[in-house]
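As a plain string of letters, each chain reads:
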Amino acid sequence: MNRRNFLKNSLMTAATITTFAGLMIKPKRLYAAWPKASFDITDLNDSINSVYGHNNLNESSEVMLKAPDIAENGAIVPLNVKTKLKNVESIMIFVENNPQPLSSGYNLSSKSVPIVGTRIKMGNTSKVIAAVKSNGKIYTASKEVKVTIGGCGG
Amino acid sequence: MSTIKLRAKESKGVVTVKALIKHPMETGQRKNKKTGEKIPAHFIQQVICKANNDEVITINWGPAVSKNPYLTFAYMGFKGDVVELTWEDNQGNKDSLEGEVK
Amino acid sequence: MKNYFHKFLLVILFINVTAFASPEEDQELFRDHFKNRFPNTEFSDYKNGVYSIDASSREQWESIEDFPPYELNIDQGKELFSQPFKNGNTYATCFENSGIAVRQNYPYFDESTNQVMTLELAINNCRKKNGEKPLSYYKGGPMADISAYMAYTSRGNKFDVKIPNSQEAFDAYEAGKKLYFTKVGQLNFSCADCHVYQTGSKLRADIPSPGIGHSTHFPAYRSGAGRLVTLHERFAGCLNRVRAKPFKAQNEEYRNLEYFISYMSNGLEINGPGSRK
């Protein structure tokens, strides 16, 4: 190998090492990036598929979804999800008739107790689905929440 | 002034964390009534909570979460745990608050 | 039959603007109407408005009140309240008890000016006295935040609105009462139509709240608006809804109206700010 080639190889090696080193350095963010694709989807089934890679949902009484029958105001619908299932990896809340069905996702840790609650906006009467991933399987509970529009109260 | 109000209470080994965050949670679909232009989307995308520096939950939110959003979750922990809640929105804004579990 | 009798009595109440019915008698008649309409509601619960008469919305409201968005406004209000004016004075110098726990003392009839004084007008008067610009009563903002903070520090204290023994005070009360019962706007509704005669019924997607207890919980954080709404902004909103031209916030008409409705709420606790839809 002549000097020129040696240098070229060295530089390439250095570049390669630097690149690999860069890739191996732990990124500042330890968590997965915000799943933009899933949040953009407008169809419920596609949305579920994008989150789990499939649509195999199992309705289960072990998942408890608390939601009002009739939302007093679609701007602030209180929701609560809890489950008795073990090894819960995540809890997702889908709102079928919202422009984008995926409203929120909760990624739990081994320390988590599987209870989550929030308040969401609903534009129309819709089925709300709480999906719990436990031991690799998806368990769901759903409830229809009515949203009325057209009050006198302004 | 912090945008976050945090409450963390322990009972029977379970810490329940409740948070209220000041944020417009703008969907990007509403129009400015005067100009007719769409008000740009401005909403919290991620909320991360740590207890004693260990990540406890990572939350992904979309714009459907209500304005001045509320959140509650639970983990197995102790009184005196230091809970830290951090949020980041789609415009790169962030805020964080620490609180002690009572 | 009983319903009609009470409606009749209330019409008499209205007609008796210049006759000898006293405010105390008005108050008794007014309350009897609601006692009859909602026999299961405790008087003290009227401070919770529609939630005192509708279980389904009450449950959602209780969920929100567990950690209500207005807590952010109270914090902001406290900061604003404590901030000195350019001249070094603070709001505390304008109010009894440094402005803490005083909400229930408003509105009152100011005999020196022969006008009804409300808390929010007093806040702006304080600013004026100290060389500061007035704050807007609309669209939330610092006025609503300060008002919310002052209401919050007064929680639990009861309204005990007095009508001094003067013609001017009586006239102000009667003017408020008259406005309350006068049909206005294209839709030709009075406050009483919704909040007395139709309270508890369904009016499209809403249930009108009872007329007792309206001013205990303002300013209100309205989830639809996503912010605080002051009482007079709400009056204006209601008038807009019946397609009437609203008065300006803190105008004499609205102050007299606030005087009337607060007098009717005597004995109820201050519980502002409140969450509403």
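The rules we used
Residues numbered from 1 in each chain as written. Chains lettered and ligands numbered in written order. Predicted model: local features only at pLDDT ≥ 70, side-chain atom pairs only at ≥ 80, totals over all residues. Core = buried A, V, L, I, M, F, W, Y, C linked by C-beta atoms within 7 Å. Buried ≥ 20, exposed ≤ 12 C-beta atoms within 10 Å, placed from the backbone. Helix = DSSP H or I, 4+ residues; strand = E, 2+ residues; numbered from the N terminus. Contact = placed C-beta atoms within 7 Å. Pairing = 2+ DSSP bridges. Axes fitted to C-alpha atoms, helices over the stretch in contact; angles between N-to-C directions. Nonpolar A, V, L, I, M, F, W, Y, C, P; charged D, E, K, R; others polar.

> So what about the nonpolar core? Which residues, and what values?
Formed by 126 residues in total, the largest nonpolar core has its most connected members in Phe94(A) and Ala130(A). Ranked by residues supplied to this core, first place goes to helix α6 (residues 141–152) of chain C with eight residues. The contact partners of Phe94(A), leaving out residues within four places of it in the chain, are Leu44(A), Ser47(A), Ile48(A), Pro101(A), Leu102(A), Ser103(A), Ile129(A) and Ala131(A).

> Residue-level account of the sheet that holds strand β5 (residues 274–276) of chain C, with values.
Residues and elements named next belong to chain C. Here we have three strands laid out as an open sheet, ordered β4-β3-β5, and mixed in their pairing. Bordering the open sheet on either side are β4 (227–229) and β5, each of which pairs with just one other strand. Adjacent strand axes in the sheet meet at a mean angle of 40°, parallel and antiparallel pairs treated alike.

> Tell me what's going on with the interface of chain B and chain A, and back it up with residues and numbers.
Listed by partner, the interface residues are 24 residues for chain B and 27 residues for chain A. Counting residues per element, the ones that place at least two in the side of chain B that touches chain A are β3 (44–51), β4 (54–61) and β5 (70–76) of chain B. The element best represented in the side of chain B that touches chain A is β4(B), accounting for eight residues. When its residues are assigned to classes, the side of chain B that touches chain A shows 15 nonpolar, seven polar and two charged. In this sheet, β5(B) lies alongside strand β7 (residues 112–120) of chain A in antiparallel orientation, the contact comprising five bridges. Counted as the bridge partner of Gly117(A) is Thr72(B) from β5(B).

> Explain the interface of chain A and chain C to me, and be specific about the residues and the numbers.
Taken together, the contact pairs 15 residues of chain A with 17 residues of chain C. Its residues assigned to classes, the side of chain A that touches chain C comprises seven nonpolar, six polar and two charged.

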